[in-house]
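# Secondary and tertiary structure notes
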Amino acid sequence: MDGAMGLRALLCVYLASLLVLQGMPTQGSPTGRPKVNKKRQTLDTAVDGVTIRSLKVNCKVTSRFAHYVITSQVVNNADEAKEISFDVEIPKTAFISDFAITADGSAFIGDIKDKVTAWKQYRKAAISGENAGLVRASGRTMEQFTIYLTIGPRSKATFRLTYEEVLKRRLMQYDIVIKVKPKQLVHHFEIDVDIFEPQGISKLDAHASFLSNDLASQLIKKSFSGKQGRVLFHPTVSQQQSCPTCSTSLLNGDFKVTYDVNRDQLCDLLVANNHFAHFFAPQNLTNMNKNVVFVIDISTSMEGQKVKQTKEALLKILGDMRPGDYFDLVLFGSEVQSWKGSLVQASPANLRAAQDFVKHFFLAGATNLNGGLLRGIEILNQAQKNLPKLSNHASVLIMLTDGEPTEGVTDRSQILKNVRNAIRGKFPLYNLGFGDNVDFNFLDVMSMENNGRAQRIYEDHDAAQQLQGFYDQVANPLLVDVELLYPQDTISDLTQHRHKQYYEGSEIMVAGRIADHKLSSFKADVLAHGEGQEFKMTCLVDEEKMKNLLRERGHMLENHIERLWAYLTIQELLAKRTKLEGKEKADAAAKALQMSLAYQFVTPLTSMTIRGVADEDGLEPVIDKPPEDALPLEMVGHRKTFKLPASQPSPTGSSADIQQLPNQVTGVDTDPHFLIHVPQKEDTLCFNINEEPGVILSLVQDPDTGFSVNGQLIGNRAGSPGQHQGTYFGRLGIVNPTTGFQLEVTPHNITLNPGSGGPVFSWKDQASLRQHEVVVTINRKRNLVVAVEDGGTFEVVLHRVWKGSAVHQDFLGFYVLDSHRMSARTHGLLGQFFHPIDYTVSDPHPGSDPTKTDATMLVKSHQLTVTRGLQKDYSKNPRHGAEVTCWFVHNNGAGLIDGVYTDYIVPDIF
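A quick note: this is a predicted structure, and the numbers were derived from the prediction, not measured.

### As for the layout of surface pockets
Of the voids in this model, the second largest pocket is the one considered here, and its volume is about 1300 Å³. Around the second largest pocket sit 40 residues that line it, and Arg160, Asn749, Pro759, Val760 and Phe761 are the ones nearest its centre. Secondary-structure elements contributing two or more residues to the lining of the second largest pocket are strand S3 (50–62), strand S4 (65–76), strand S6 (95–103), strand S10 (155–166), strand S12 (186–196), helix H12 (555–577), strand S42 (749–752) and strand S43 (760–762). Across the lining of the second largest pocket, the residue classes tally to nine nonpolar, 19 polar and twelve charged.

### A closer look at the environment of Ser391
Checked against the element boundaries, Ser391 lands in the loop between helix H7 (369–386) and strand S23 (394–401). Separated by ten residues in the primary sequence, Ser391 and Asn381 place their C-alpha atoms 9.4 Å from one another. One polar contact links the side chain of Ser391 to the main-chain carbonyl oxygen of Pro388, over a distance of 2.6 Å.

### Comments concerning empty space enclosed by the protein
Counted according to the given criterion, the structure contains two cavities of 30 Å³ or more. Approximately 100 Å³ is the volume found for the largest cavity. Every residue along the wall of the largest cavity is listed here: Phe294, Ile296, Thr310, Ala313, Leu314, Ile317, Ile398, Leu400, Leu432, Leu467, Phe470 and Tyr471. Secondary structure elements with two or more residues in the lining of the largest cavity: strand S19 (290–297), helix H5 (305–319), S23 and helix H10 (463–474). Here the lining of the largest cavity gets four residues from one element, more than from any other, and that element is H5. Here the lining of the largest cavity is built from residues that sort into eleven nonpolar, one polar and no charged. In this structure, the second largest cavity encloses a volume near 50 Å³. Residue lining of the second largest cavity: Gln199, Arg263, Gln265, Leu266, Asp268, Phe279, Ala281, Pro282 and Gln283, and that is the complete set.

### A short note on the sheet that holds strand S16 (residues 253–261)
In a beta sheet, neighbouring strands are held together by backbone hydrogen bonds and run either parallel or antiparallel to one another. Read across the open sheet, the three strands follow the order S11-S16-S13; overall the sheet is antiparallel. A single partner strand is all that each edge strand has here, and the edge strands are strand S11 (174–180) and strand S13 (201–208). Going across the sheet, the axis of each strand differs from the next one's by a mean of 10°, ignoring polarity. Relative to S16, S11 runs antiparallel, the two sharing seven bridges. When the bridges of S16 are listed, Ile176 appears paired with Val257.

Calculation notes
Residues numbered from 1 in each chain as written. Predicted model: local features only at pLDDT ≥ 70, side-chain atom pairs only at ≥ 80, totals over all residues. Heavy atoms only, no water. 1 Å grid on protein atoms, 1.4 Å probe; cavity = no way out; pocket = protein on both sides within 12 Å on 5 of 7 lines; lining within 4 Å. Points joined across faces, edges and corners; volume = space filled by probe spheres on them. Helix = DSSP H or I, 4+ residues; strand = E, 2+ residues; numbered from the N terminus. Nonpolar A, V, L, I, M, F, W, Y, C, P; charged D, E, K, R; others polar. Polar contact = N/O pair within 3.5 Å; in protein donor to acceptor, adjacent residues only side chain to side chain. Pairing = 2+ DSSP bridges. Axes fitted to C-alpha atoms, helices over the stretch in contact; angles between N-to-C directions.

Function cannot be read off these values alone, since they describe shape.
As structure tokens, this is what we get:
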């Protein structure tokens, strides 16, 4: 699937202000205040002449896949140019999939390329030691994306950012966190979260750290029923004020939505568009007893707050252990020591003794990380070997360090090998890296190689809570050796489907592709070991349920399931390449790159550039994923400000140029009437296609380039009973695969690259969009023109219903303005007529309708009876059209078109 031009996140929008999504601690939350009369909406909200007219965050969640769009419009009310900024904090795990700036009637849209190609364009910046990238590391889990833009006097700019992520279940819930910080009052501020979960929503809540409970209950609207949930936050200007007489905003902090789904059914298996997503989170299982060894770094670098907070967390963790658990502690500095040297039961006496040991241990020497890990592994291995009653427990090894190995074995590759050989896949290893001086990539690879994961613990006042929070996620194992299996001949490209342990409050997620015509034999088998029993279950696809879900959520469900699979696959490939070498590493990177480009994600292997926008050196902005150790934005150096071009020429030429096109053009409009202009005959042929609403027809198909235009029929909603129901084109899909271009047009919206969550424009917009050699010009409430370099020029006409209209539903017309550069093999109901067609008309005579003339036409070795009639061409006048005289070919164009009309029915709009 090809996409728009990528971007992804969790948010923050600065414009002359800023909305930040997800993340940071609030500096203080105002308490409740009395309601303010809405008449205060007239308050001046401008700051230095700049107003934020609107700032909207729209989040749509479908089966854990979250699609976010931030749209903000900024107005420069001053009589001079002003610098504005768009400043966004996005989660490190999210992928940006689109970014666009619209100003002065033109749109500037991001274009994703592989990182090597993108950065070759910025050698000048690289040589000068500057970084042209707009995204930098920010805080624990966020990345900061900032662009400064100069806009002209009395002008406006609209920013639109799209990003996507898969929500992970932790501690019994999914979290959507939006950091809100506009820095000034906003005329129209809105956060709208729409959740669709096929299992049904079991709970939904929302909080804002900057609102008192009373004010939150007034301003945050939340509801859920069955599969759907909604949260809306839409404060007026007066409700945003930090006090009744203040011009400052109280919107400063976290806006958090939490929810979970029903777990009544063990099977949660979704299939759409040859992709599946399987969610596994069984409830009502007995907690397994666990064997846990804590391996703790006590080198001298841990002195001060770090060791104090580590002891605080360990004391709390030990206090929470269950009587059936077994545990030990290993400490490593220059030497390695253990508390007991073997596992002991978590009895009250043993826990008190362990807590006393923790309180009184002291720091010593360097960092013998290898020795500490091998001792901890040995303790768990010996217990499983020598104590049969512990062999059925869930074993876990947790290691905490703040530095790099400096004592004993220090070669990282050797340490990795030693740990792998000692664990041999028997239990997971979780590595916690404390502070900034750890080699986190090394810890991450070690954990991945041993069925665990690594987590950074930040040096801060809440480090003890971070440690406790991590332990809470793995404290209650429910199953071990979990395998989710699928028939090998039905699936491909499977994401990770074997997990060493499943923990209470979490969820295992698997996605993959289903082979064509294999849905009937597709199933999922789950095998695992629980407390004292084997766990087995089989899930089948409920095809009737899937049909109902598709009717309820439509294209969004299909799109989100496929993109969920792509997201998980890319994340796993990026993680896998860090632990591979040679050809395997190169292959993983190549596949991750290919998928990043296909689905238009900004990943560590791709970058986005924005054509038409440049800084003082002529460099375009670059948007990419920063490395873990990237400097914060404020430390990068000289700030770059970008400017829009002074004026935007019409991509299809001047209006005078368009007038030079033929007076009559080939196209299709109304019911649907196909008009075929034959310039060499100075004549026009026409025919109708009578098909059912919902049918998709191929209009243009160029096999040499892949360029295509398909149209989907809609019905006339209010036809009289018994009357023939007219059909019209209600949806067009235009594709240029060589450049990854897709355009979906309906009477309501114009969507660029809908498969990757691209920008959506309305017919009220006046805009010019460019992607590679394709230019789209939207003429407000009238038409749009698509011009393809070295290809064709096409027009889509908007027909709005008005009072007294015979048609009761808005629809579209499609016209070919220029096709001479299209290949000779171009086909489709219209495309086959892009090149000369020969025919003769003879024997004109009165037809069955005496007001019309019939004649005999010889065309393509067929002899046809045709009728002279009138149709309308709306290409120049969408409201009234121009009458065109044509020879009408009956029976769905039989004899004129190649084959029969049903040959042109296609399964999908793209």
